Amino acid sequence: MIVFRAQNSQPLLAISGCLLVLMGASSASAHRYEIDFPNSAPSLGNVTAATSGDTVFRVATDGSITKQSGGGARAGGGGSQLTVTVSCDNSPECNSRILRGTITSIGSPTGRAGVLTNFDIAGAGVYSESGANPRTFILPAIGKNTTKTFTVGMDFPIKGDNSGAATGDATSSFSITLVPYNQQGAAENDYAVTKVGTATAHVQRALSLQKQSDLAFGRIMRPTSGSGAVTINPTTGARTVDAGIVALPTPAASPASYTVKGEGGRTLSISVPSQVVMTRSGGGETLIVSTTNTISSPTLSGGLGSQGTYSFAVGGSVTVSSSTTAGAYSGVFNVTAAYN
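Residues numbered from 1 in each chain as written. Predicted model: local features only at pLDDT ≥ 70, side-chain atom pairs only at ≥ 80, totals over all residues. Heavy atoms only, no water.

Engineer: Even after reading the chapter, I still don't get the sheet that holds strand 5 (residues 73-76), so can you show me in this structure?
Structural biologist: Strand pairing in a sheet takes place through backbone hydrogen bonds and is either antiparallel or parallel in direction. The seven strands are arranged 5-2-13-12-7-10-9 in an open sheet whose pairing can be described as mixed. In this open sheet, the two edge strands, each paired with only one partner strand, are strand 5 and strand 9 (127-130). Strand-to-strand twist across the sheet, computed as the mean angle between neighbouring axes with direction ignored, equals 25°. Where strand 12 (residues 168-181) meets strand 13 (residues 193-204), eleven bridges bridge the pair, whose relative direction is antiparallel. Across the sheet, Ser-175 pairs through a bridge with Val-196, a residue of strand 13. (Pairing = 2+ DSSP bridges. Helix = DSSP H or I, 4+ residues; strand = E, 2+ residues; numbered from the N terminus. Axes fitted to C-alpha atoms, helices over the stretch in contact; angles between N-to-C directions.)

Right, here's the structure in full:
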């Protein structure tokens, strides 16, 4: 009988050991809380940097984006709102544990992104917020098998052309941590949860438009009868006059010429007025200039990540007659360039 009992004791011990292992596995997996939000949000979309200095964009908790400071601009695109969902499992503690939260920037930004700051939070009964980076807050008890949702805002700086940082994709990371506290005010760190997110933007260098020369018709002698045109060819720069008009050699005639600088490979929209009014010095008579230009499929040279250029010229034609009052005529017109 003694031998019989000894033999039976071995499987009993083995079963007991298995029970202990199962109990240990159950305890280790009891994580009550989960945090969920998009990994790449908020996104500024396409951004044009300033020539120098940071441009700070404010992503509000309602998802709107405004420029706080700097000379850059946002071209649009992207998804701005960061919506965070916190869930709790079937544990009874979900009904009573408050959560102390922290939002903070982490890591090193890439490209022309700066460090995120001025974090803000709204919704889900959040209260007792403090700080800018990190930002701390308290979230009321989630409840069993329940979720709470809140939104996060932040300031997202973008570095200017003078920073020397590469254009293109830019990222800046942050983390959200939640720690439950029991009714005695003790932290339950074993149930703390953290999730990391990344704010993104696609940055291109500032666009500049530089004028090299003005549109000049030079000095002419009006016809003795009738009328005729004086024309500046924008491609060759040559000046031609109709019969009866005399073109004098000085001052020299020339088309207006321009150079656009910006992100290599980008296409442009360039606007030149079709007509320009020139007014006689001292007032009185005006002349109308009909413009022509060399703009055709404007695209900055080079590729993305490098500076590119695009040059063009503006010419035109003006009609004078035997009755045109002698004098100096001049006018101003605006040329604009923008990324497509």
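Text resumes after the structure shown.
Engineer: Explanation requested: the layout of surface pockets in the structure shown.
Structural biologist: Left-over empty space is what a probe sized like a water molecule reveals as it rolls over the atoms. When its volume is computed, the largest pocket comes out at roughly 840 Å³. Lining of the largest pocket is provided by 30 residues; of these, Phe-217, Gly-218, Met-278, Tyr-329 and Ser-330 occupy positions nearest its centre. Within the residue set of the lining of the largest pocket, elements represented by two or more residues are strand 15 (219-221), strand 21 (275-280), strand 22 (286-293), strand 23 (307-321) and strand 24 (329-330). Considering every element that reaches the lining of the largest pocket, the biggest residue donor is strand 15, with three residues. (1 Å grid on protein atoms, 1.4 Å probe; cavity = no way out; pocket = protein on both sides within 12 Å on 5 of 7 lines; lining within 4 Å. Points joined across faces, edges and corners; volume = space filled by probe spheres on them.)

Engineer: I would appreciate a short explanation of unusual backbone geometry in the present structure.
Structural biologist: Keep in mind that most residues, glycine aside, have a negative phi and that most peptide bonds are trans. Residue Pro-42 follows Ala-41 across a cis peptide bond; omega there is 5°. Along the chain, Pro-42 turns up in strand 2 (residues 40-48). Phi at Asn-145 takes a positive value of approximately 50°, unusual for a residue other than glycine. Following the sequence through the fold, Asn-145 ends up in the loop between strand 10 (135-139) and strand 11 (146-158).

Engineer: I keep staring at the environment of Ser-257 and nothing clicks. Help me out?
Structural biologist: If you trace the backbone, Ser-257 turns up in strand 19 (residues 256-263). Along the primary structure Ser-257 and Ser-213 are separated by 44 residues, whereas in three dimensions their C-alpha atoms are 5.2 Å apart. Each residue touching Ser-257, except ones within four places of it in the same chain, is listed here: Gln-210, Lys-211, Gln-212, Ser-213, Phe-312 and Ala-313. Within the structure, Ser-257 has its side chain in polar contact with the side chain of Ser-213 (distance 2.8 Å). (Contact = heavy atoms within 4.5 Å. Polar contact = N/O pair within 3.5 Å; in protein donor to acceptor, adjacent residues only side chain to side chain.)

Engineer: What am I meant to see in the packing of aromatic side chains here?
Structural biologist: One pair of aromatic rings is described through two measures. These are the centre distance and the angle between the planes. Tallied over the entire structure, the rule returns five aromatic pairs. Relative to Phe-174, the ring of Phe-119 has its centre 6.5 Å away and its plane inclined at 50°; by these criteria the two rings are tilted. One end of the pair, Phe-119, is in strand 8 (residues 117-122); the other, Phe-174, is in strand 12, with 55 residues separating them in the sequence. Taking the relative accessible area as the measure of exposure, Phe-119 reaches 2% and is therefore buried. Linked through ring pairs, Phe-37, Phe-119 and Phe-174 together constitute an aromatic cluster. The residue whose ring lies beneath Arg-32 is Tyr-191, and the NZ or CZ to ring-centre distance is 3.7 Å. (Phe/Tyr/Trp six-rings, centres within 6.5 Å; stacked < 30°, edge-to-face > 60°. Buried < 20%, exposed > 50% of the residue type's maximum accessible area, 1.4 Å probe, protein only. Lys NZ or Arg CZ within 6 Å of the ring centre and 35° of its normal.)

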